[in-house]
Amino acid sequence: MMNQFVNAAPAWKSVMVTRRLPEELSGLETLCKNLWWCWNDKAKALFRTVDYELWHKSGHNPMVILDKVSLKRYNELAKDKEFLGRLAEVMDEFNAYMKAKEERTEPSVGYFCMEYGLDTSLMIYSGGLGILAGDYLKETSDMNVNLVAVGLLYRYGYFTQRLTPQGNQVAEYKPQDFLKIPAEPVLDENGAWKTVRVQMPGHMMSARIWKVAVGRTDLYLLDTDYEDNIPEDRQVTHQLYGGDWENRLKQEILLGIGGMRALRVLGLAPKIYHYNEGHAAFAGLERLRECIQDEHLSFDEAMELVRASGLYTTHTPVPAGHDAFSEEMIGRYFGHYPHRLGIDWRTMMSLGKIDPDNHDEKFSMSHLAANLSQNVNGVSMLHGKVSQDIFADMYPGYLPEELYISYVTNGVHYPTWASKYWKELHARVFGPEFQTHHYDKKCFEGIYSVPDGEIWDIRRTLKKELVRAIRERLSDPQMSAHYTPTQVVTIKERLREDVLTIGFARRFATYKRATLLFSDLDRLDAIVNDPKRPVQFIFAGKAHPADGMGQDLIKQIIEISKHDRFLGRIIFVPGYDITLAKRLVQGVDVWLNNPTRPLEASGTSGEKAAMNGVMHFSVLDGWWVEGYKEGAGWALPLESTYDDNNYQNELDAATIYATIENEIATTYYDVDPSVGLSPVWVSYIKNTIARVACNFTTNRMLTDYCNQYYEPQYKRFMELVADNARAAREIAAWKRAVLAEWNSIRVVSSTEPAPSYVLSSNNMLKSKVELDLGRLKPEDIGVEIVFTTTDAKGQQRIQEVAELKLTGYENGVATYETEVLPEHTGMYQVGKRVFPKNPRLPHRQDFPLVKWL
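A. Region of interest: the sheet that holds strand β23 (residues 781-790). Here we have four strands laid out as an open sheet, ordered β24-β23-β27-β28, and antiparallel in their pairing. This sheet does not close on itself; its edge strands, each paired only once, are β24 (796-803) and β28 (851-852). Pairing of β23 with strand β27 (residues 829-836), which is carried by eight bridges, proceeds in the antiparallel orientation. Bridge pairing links I781 to P836 in β27.

Take a look at the structure:
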């Protein structure tokens with residue numbers, strides 16, 4: 001009998017073994033499913049204790065750790081009283097934190113974004129926009145703001161960077177294991193996956209809904225990569241910003257329309273909708289459809305409600321960076337929408353075009369977002385002004401500086417980016433309110449009470465950890481393929497903990513001028529190899545896979561870093577991600593940034609560095625225009641000296657060299673032997689924390705959004721929607737009446753200014769206008785006189801605007817008059833204009849009709 005089994009082939013069966021933690025450790029399961037752990041140092045320490053080696057191998061992913069830890073280790077931990085005590089302490093903190101979610105109040109906000117950089121365990125981000133959105137969600141959790149977020153779940157996420165021996169960047173797309181990420185399926189009461197459907201040409205595309213718990217804030221993600229969809233639809237959520245323009249359009253349809261439907265499936269109806277970049281603008285179209293089909297409003301009435309509750313944040317400082325699609329492509333995907341909205345195709349096109357009759361003009365997502373939002377904001381003071389210029393064509397009756405477009409300067413999530421050593425120190429000296437996330441930013445001045453030696457010890461510890469992390473990365477042959485083994489050994493020997501270290505890490509785009517430092521290699525050689533005051537530079541970052549010029553910059557830096565005189569003094573560290581970014585912004589001494597002016601919308605890497613007492617050295621662009629303080633960093637001028645970019649680059653490079661040699665290195669190495677540190681340098685560290693970092697947290701940023709936008713817009717929206725949207729209907733009717741009569745307004749008379757005046761309080765400039773208003777009322781119309789001058793660049797700038805007062809009305813003719821005394825003498829350009837006037841409008845561009853006389 002036994003002989004017949006001797007040659008039998010193995011018979012294998014698949015068996016899935018899932019983890020079941022001992023009851024004593026069940027809290028770990030709860031914690032790993034909420035990203036609160038990733039900005040709580042005690043929670044991170046818990047997972048590190050479970051298995052130190054796995055913690056690092058997994059990229060700090062608790063779900064991977066809990067899956068791979070042995071049952072033996074779990075049983076050991078279940079009996080470890082010290083570990084169980086720490087777990088209980090963390091769980092008590094977590095449960096108390098989460099209980100406060102019950103206290104959330106209006107305004108409720110729906111937040112839409114294409115990417116979120118929350119943690120390396122969830123690869124749904126590419127760079128600055130995603131990291132900012134991730135920080136923002138964490139802050140809404142900490143401040144307990146009533147916000148729900150919507151995005152997409154990408155199978156392959158953004159690429160992982162690998163470098164060849166020649167320094168070429170290779171993009172590797174590794175699929176995410178959805179069982180190992182902090183996202184859970186959203187199921188109905190019968191255990192079926194909740195889904196949404198959106199119209200594609202000739203068929204419907206379906207998407208599953210996932211939930212990511214970001215502390216108290218919920219992020220819902222949509223995923224199309226499953227069997228209910230045809231192959232081309234399954235690819236829609238394969239890669240962030242992947243595929244051609246048609247795939248990009250599908251992604252934006254899914255984010256906006258699918259995202260809005262997901263909120264409804266979940267029973268959520270926020271009052272305010274925040275579109276973080278134009279990618280999400282189709283959400284506004286879906287809201288129009290809801291108001292028209294479900295609430296039985298007209299298109300004009302629906303526009304009042306949709307606009308009143310819409311906020312659009314633009315992050316792009318150049319027109320070419322705004323997404324736009326051909327009318328033909330929009331027609332294929334949205335040909336059915338005008339019927340749903342009760343409008344014609346031309347009206348539909350006017351939502352995203354300057355000239356709806358120009359079939360060659362592309363349909364702009366940014367214009368769509370602006371048209372469907374009451375407010376538009378840039379992400380720094382300077383970017384707000386740049387955005388006014390970018391959107392000026394939408395409002396031809398106004399000068400760019402008059403536009404309602406404002407700004408909220410970006411910030412960073414302090415608990416995520418500040419090192420644990422700084423957080424421990426700050427908790428001690430910033431006062432008890434700081435821990436509540438509702439505090440006066442002056443509390444940061446508590447850093448001045450800390451002894452210099454304690455400050456210096458933290459900085460030295462963080463640089464030591466950075467050097468160790470770089471050495472570890474370069475010890476991995478796969479990570480360090482751009483250097484030979486001999487070069488790696490030399491770099492590890494030359495990389496020092498006691499040398500002034502300057503960091504440069506970000507997306508490698510040409511405007512960021514990553515290679516400006518290499519304009520004069522001999523001068524750079526003298527700086528890095530100075531026998532008394534050496535300097536070392538650490539570079540990291542990715543270039544977009546389609547950006548060949550950006551990839552060439554990386555290659556050039558790597559090639560230069562291999563020169564004998566620069567080896568170990570200039571280092572390119574590969575595999576830039578959140579983990580490496582934290583090491584860099586915490587560990588270097590100075591953060592370098594030198595973009596081409598004014599192409600840095602905000603930039604937040606320098607803000608992250610400031611949280612750790614790292615000084616910023618940058619062109620005055622983006623956030624640094626507002627952040628720079630003497631004695632807390634260094635700056636290149638705001639204005640360009642030369643129109644020729646080559647000359648300007650040469651000047652900026654020379655300024656960088658001189659500043660490093662004569663100011664930065666001199667101060668860093670000016671050590672007082674009696675205390676073993678540079679007192680001036682430590683004062684710079686303190687100033688950076690007290691005077692810079694305090695202004696650039698997401699705490700301040702979120703407070704600004706609440707005060708400037710969420711709360712005022714919520715108040716106005718509730719007024720418009722009350723009593724079956726009575727106010728919205730009245731405003732829409734008023735606009736229709738004004739529009740019908742607008743071209744019939746006739747100028748009866750208008751006094752023109754004389755060529756010259758000698759003005760005084762007894763001889764003021766007088767202006768009078770008589771208008772035949774037809775069927776309009778005189779209070780429906782405003783008249784004003786505008787004084788402008790021309791600046792050095794030939795641009796008109798407003799000096800004064802004076803509104804004419806209504807002084808008479810008879811037989812349909814209204815008389816408007818004023819007397820003006822300009823503040824300054826000189827040559828003015830003077831004009832008069834007529835505009836619709838209604839106190840119920842939020843701002844003039846809400847109804848941007850203008851008639852210049």
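Now, onward.
B. Molecular detail of the environment of G541. As for its position among the elements, G541 is in the loop between β16 (535-540) and α22 (548-561). Exposure remark for G541: the relative accessible area of 0% places this residue in the buried category. Taking the C-alpha atoms as reference points, G541 and Y136, separated by 405 residues in sequence, lie 22 Å from one another. Here G541 is in contact with Q161, R506, F508, I554, F572 and Y576, once residues within four sequence places are set aside.

C. A nonpolar patch on the surface, seen in detail. A cluster of nonpolar residues, Y642, Y647 and L651, forms a patch on the protein surface that exposes about 290 Å² of accessible area. Inspection of the secondary structure puts Y647 in helix α26 (residues 645-668).

D. Quick peek at the nonpolar core. Judged by nonpolar contacts, the single largest core of 168 residues is most densely connected at F282 and Y710. Here the element with the most residues in this core is helix α28 (residues 698-742); it accounts for 15 residues. Discounting chain neighbours no more than four positions away, the residues touching Y710 are P107, V109, Y111, Y136, L147, I272, H274, L311, L702 and Y705. Among the nonpolar cores identified, the runner-up in size contains 99 residues, and I458, F508, A540 and F572 belong to it.

E. View of unusual backbone geometry. The peptide bond linking E106 to P107 adopts the cis configuration, its omega dihedral lying at 5°. Along the chain, P107 turns up in the loop between α6 (81-99) and β1 (109-112). Positive phi is not limited to glycine here, since N144 has a value of about 60°. For N144, the location among the structural elements is in the loop between α7 (128-142) and β2 (147-152).

F. Focus on the packing of aromatic side chains. Taken as a whole, this structure holds 39 aromatic pairs when the rule is applied. For the pair F112 and Y275, a centre-to-centre distance of 6.4 Å together with 65° between the ring planes defines the contact as edge-to-face. Taken together, the positions of F112 in strand β1 and Y275 in strand β9 (residues 272-276) put the pair 163 residues apart, joining distant regions of the chain. Feature note: the residues Y111, Y116, Y136, Y705, Y709 and Y710 constitute an aromatic cluster, connected by ring pairs. The ring of F178 carries R155 above its face, with NZ or CZ at 3.9 Å from the centroid.

G. Representation of the pairing of β16. Burial analysis of β16 places six of its six residues in the buried class, the great majority of the element. Along β16, one buried face is formed by V535, F537 and F539 and the opposite face, lined by Q536, I538 and A540, is buried too. Note: strand β15 (residues 500-505) against β16, six bridges, orientation parallel. Bridge pairing in β16 places A505 opposite A540. Each parallel crossover has a hand, and for β15 linked through helix α21 (residues 521-528) to β16 it is right-handed. In the sheet, β16 pairs with strand β17 (residues 570-572) via three bridges, with the strands oriented parallel. Across the sheet, the residue bridging to F537 is I570, located in β17.

Rules and cut-offs
- Residues numbered from 1 in each chain as written.
- Predicted model: local features only at pLDDT ≥ 70, side-chain atom pairs only at ≥ 80, totals over all residues.
- Heavy atoms only, no water.
- Pairing = 2+ DSSP bridges.
- Helix = DSSP H or I, 4+ residues; strand = E, 2+ residues; numbered from the N terminus.
- Buried < 20%, exposed > 50% of the residue type's maximum accessible area, 1.4 Å probe, protein only.
- Contact = heavy atoms within 4.5 Å.
- Patch = residues over 30% accessible without salt bridge, like charges linked within 9 Å, V, L, I, M, F, W, Y side chains within 5 Å.
- Areas by Shrake-Rupley, 256 points an atom, 1.4 Å probe, with all protein chains shown as cover.
- Salt bridge = Lys/Arg side-chain N within 4 Å of Asp/Glu carboxyl O.
- Core = buried A, V, L, I, M, F, W, Y, C linked by side-chain atoms within 4.5 Å.
- Phe/Tyr/Trp six-rings, centres within 6.5 Å; stacked < 30°, edge-to-face > 60°.
- Lys NZ or Arg CZ within 6 Å of the ring centre and 35° of its normal.
- Right-handed = clockwise from strand over helix to strand, strands pointing away.

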